[in-house]
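A look at the structure
The lines below spell out each chain.
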Amino acid sequence: MEPSTWSPDLRPLLLSLRPRFANAILDGSKTVELRRTRLSAPDGTRLVLYASSPVMAVVGTAVLVGRDTDTPARIWRRYRQNVGLDRDEYDQYFAGADLATAVQIGTPHRLVDPWPLAALRDAAKFQPPQSYRYVSNDDPAQLRELVEVPN
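Residues numbered from 1 in each chain as written. Predicted model: local features only at pLDDT ≥ 70, side-chain atom pairs only at ≥ 80, totals over all residues. Heavy atoms only, no water.

**What about unusual backbone geometry?**
- Cis geometry marks the peptide bond from Ser53 to Pro54; its omega dihedral reads 10°.
- Counting through the fold element by element, Pro54 comes out in the loop between β3 (46-51) and β4 (57-70).
- Positive phi, close to 50°, is recorded for Thr107, a residue that is not glycine.
- As for its placement among the helices and strands, Thr107 is situated in strand β5 (residues 100-116). (Helix = DSSP H or I, 4+ residues; strand = E, 2+ residues; numbered from the N terminus.)

**Observations regarding the sheet that holds β4**
- In spatial order, the strands read β2-β5-β4-β3-β1-β6; together these 6 strands make up an open sheet with mixed pairing. Looking at the sheet topology across the chains shown, the edges are occupied by β2 (32-35) and β6 (132-134). Neighbour to neighbour, the strand axes of the sheet diverge by 35° on average, direction disregarded.
- In the sheet, β3 pairs with β4 via 6 bridges, with the strands oriented antiparallel. In the sheet register, Val48 faces β4, and the bridge partner there is Thr61.
- Across the face of the sheet, helix α1 (residues 19-26) comes into contact with β1 (13-17), β2, β3, β4 and β5 while running at roughly 90° to β5.
- Its contacts with the sheet place helix α2 (residues 72-79) against β2, β4 and β5, and it is angled at close to 115° to β4. (Pairing = 2+ DSSP bridges. Axes fitted to C-alpha atoms, helices over the stretch in contact; angles between N-to-C directions. Contact = heavy atoms within 4.5 Å.)

**Concerning the layout of surface pockets**
- Of the voids in this model, the largest pocket is the one considered here, and its volume is about 440 Å³.
- Forming the walls of the largest pocket are 18 residues, and the residues nearest its centre are Ser16, Arg18, Phe21, Glu33 and Tyr93.
- Of all elements in the fold, only β1, β2 and α3 (87-93) reach the threshold of two or more residues within the lining of the largest pocket.
- Partitioned by chemical class, the residues of the lining of the largest pocket number 7 nonpolar, 6 polar and 5 charged. (1 Å grid on protein atoms, 1.4 Å probe; cavity = no way out; pocket = protein on both sides within 12 Å on 5 of 7 lines; lining within 4 Å. Points joined across faces, edges and corners; volume = space filled by probe spheres on them. Nonpolar A, V, L, I, M, F, W, Y, C, P; charged D, E, K, R; others polar.)

**Let's talk about the nonpolar core**
- The biggest cluster of nonpolar side chains holds 17 residues, and the ones touching the most others in it are Leu15, Leu17, Leu47, Leu49, Val59, Leu64 and Ile105.
- Counting residues per element, the ones that place at least two in this core are β1, α1, β3, β4 and β5.
- Those residues within four positions of Leu47 in sequence are excluded, and the remaining contacts are Leu13, Leu15, Gly60, Thr61, Ala62, Val63, Leu64 and Ile105.
- In this structure, Leu34, Ile75, Trp76 and Phe94 belong to the second largest nonpolar core, which totals 13 residues. (Core = buried A, V, L, I, M, F, W, Y, C linked by side-chain atoms within 4.5 Å. Buried < 20%, exposed > 50% of the residue type's maximum accessible area, 1.4 Å probe, protein only.)

**Things to note about the environment of Tyr90**
- On the secondary structure map, Tyr90 appears in helix α3.
- Distance in space between the C-alpha atoms of Tyr90 and Leu34 is 9.1 Å, their sequence separation being 56 residues.
- Discounting residues that sit within four places of it in the chain, Tyr90 has contacts with Leu34, Pro72, Ile75, Trp76, Leu85 and Ala100.
- Here Pro72 takes part through its backbone oxygen, which lies 2.6 Å from a polar atom of the side chain of Tyr90. (Polar contact = N/O pair within 3.5 Å; in protein donor to acceptor, adjacent residues only side chain to side chain.)

**Overview of the pattern of salt bridges**
- Applying the stated rule across the entire model yields 9 salt bridges.
- With a shortest N-O distance of 3.2 Å, Asp70 and Arg74 are connected by a salt bridge.
- Judged by its relative accessible area of 17%, Asp70 falls in the buried class.
- Where Asp91 meets Arg87, a salt bridge forms, and the shortest distance between an N and an O atom there is 3.0 Å. Separated by 4 residues within a single helix, Asp91 and Arg87 lie in helix α3, roughly one turn from each other.
- The exposure class assigned to Arg87 is partly exposed, which follows from its relative accessible area of 39%.
- Through salt bridges with shared partners, a single network forms among Asp68, Asp70, Arg74 and Arg78. (Salt bridge = Lys/Arg side-chain N within 4 Å of Asp/Glu carboxyl O.)

This is how it looks when you write it as structure tokens:
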């Protein structure tokens, strides 16, 4: 499917992650990413993994295999073995939140050569998200091609 024909519900997501979490996803030890907001993208959505400072590069891809939104306590009980956090870190992240979203991730693929933020900005007006955003037609071509779904 060409990027220009992506429908809003099939567009790939660009996820910003701390480098430790991006590496854990790519090595398969972390299969659940946590967010304080709901994520409505459908199962099968392609994910682009951006490692934030100090790495500041696109480091790989993965696929969204499911999402679960519930209270932080229930999400912890269901996914604690897969989130890459201890209980104190988890509680700090969700302090004051009524809901937690567990984004279940599969099929991780590490880029052989990560794409640094500077190179992506040279190619287009690229801005990584604070949390996540859809990949857009304004993003660098190499980023859009990375997540094209074959026909």
